[in-house]
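Architecture at a glance
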Amino acid sequence: MAKRKELKVYIQQSRGEKYDAVWLENSVREIVGKMMSTRLANTLRITVKVRGSIVIGGDKNFNGACHAIDISEIENRKSKKYTIEVRKGLEYSDLFTVLAHELVHVHQFAQGRLRSVKKNGRWVKTWRENGVTKVYELDHPYMDRPWEVEAFKLEREYRDEYIRTAYKRRAA
């Protein structure tokens, strides 16, 4: 009998003040459960790394980042292994918002709508929407990137839903 696949979530934290790892894992599972089908979710391996700082393109002002571990060339399929980095020291409500934002990117990567590819020797992002794929250079304005527009919109929806359900749980 084949082993049943399920969503795998790993939490890595460095020394010093740590978040509640169970809360982190449960938050990831809750967001993923609302965001995507069980069939897709059960193919994913997500590692959450809590970092003192997150540097992207020389900028240290990021609260989170999402990386697809590229296995496509090895296994000739889309990556299903992702690393999310979150900045240490965030309040739990902000941490949940950052997790939701980065998990939107996981979903975009897993669906093949967002990809990081090398083109002419440098990394670019491709975004597929309505059957059309567009290439974006990494210097494209951050807030104009369609995957970021979608992630900011959805992070608020997941955060608001989390707050509503947390109050319901408390009242019960």
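Rules and cut-offs
- Residues numbered from 1 in each chain as written.
- Predicted model: local features only at pLDDT ≥ 70, side-chain atom pairs only at ≥ 80, totals over all residues.
- Heavy atoms only, no water.
- Helix = DSSP H or I, 4+ residues; strand = E, 2+ residues; numbered from the N terminus.
- Expected span 1.5 Å × (residues − 1).
- Buried < 20%, exposed > 50% of the residue type's maximum accessible area, 1.4 Å probe, protein only.
- Pairing = 2+ DSSP bridges.
- Axes fitted to C-alpha atoms, helices over the stretch in contact; angles between N-to-C directions.
- Phe/Tyr/Trp six-rings, centres within 6.5 Å; stacked < 30°, edge-to-face > 60°.
- Parallel < 35°, antiparallel > 145°, perpendicular 65-115°, else oblique.
- Left-handed = near helix turned anticlockwise from the far one by under 90°.
- Contact = heavy atoms within 4.5 Å.
- Nonpolar A, V, L, I, M, F, W, Y, C, P; charged D, E, K, R; others polar.

Taking 1.5 Å of rise per residue, 20 residues should cover 28 Å, and helix 4 (residues 92-111) covers 28 Å from first to last C-alpha, within 8% of that figure. Taken across its 20 residues, helix 4 has 16 buried, putting it largely inside the fold. Just past helix 4, the residue Gly 112 takes up positive phi, approximately 80°.

Looking now at the sheet that holds strand 2 (residues 45-51). Judged by pairing direction, the sheet is mixed, and its four strands sit side by side in the order 1-2-4-3 without closing on themselves. Taken across any chain shown, the strands that pair with only one partner, and hence form the sheet edges, are strand 1 (8-13) and strand 3 (64-68). The sheet shows a mean angle of 15° between the axes of neighbouring strands, direction not considered. Here strand 3 pairs with strand 4 (residues 81-87) via five bridges, running antiparallel. In the strand pairing of strand 4, Ala 68 is matched with Tyr 82.

All told, the structure shown has nine aromatic pairs when counted by the stated rule. When the ring of Tyr 19 is compared with that of Tyr 92, the centres are 5.3 Å apart and the planes differ by 80°; the resulting orientation is edge-to-face. Here Tyr 19 is found in the loop between strand 1 and helix 1 (21-35), whereas its partner Tyr 92 is found in helix 4, with 73 residues between them in sequence. An aromatic cluster is present here, built from Tyr 19, Trp 23, Tyr 92, Phe 96 and Tyr 162 joined pairwise through their rings.

Further remarks concern the packing of helix 1 against helix 4. Following both chains from N to C, one finds helix 1 and helix 4 inclined at 45°, their axes separated by 10 Å at the closest point. Between helix 1 and helix 4, the crossing angle belongs to the class labelled oblique. Both helix 1 and helix 4 take part in a crossing whose hand is right-handed. Between helix 1 and helix 4, the residues in contact are Trp 23, Leu 24, Ser 27, Val 28, Ile 31, Val 32 and Met 35 and Tyr 92, Leu 95, Phe 96, Leu 99, Ala 100, Leu 103, Val 104 and His 107, respectively. Along the lines of polarity and charge, the residues of the contact of helix 1 with helix 4 split into 13 nonpolar, two polar and no charged.

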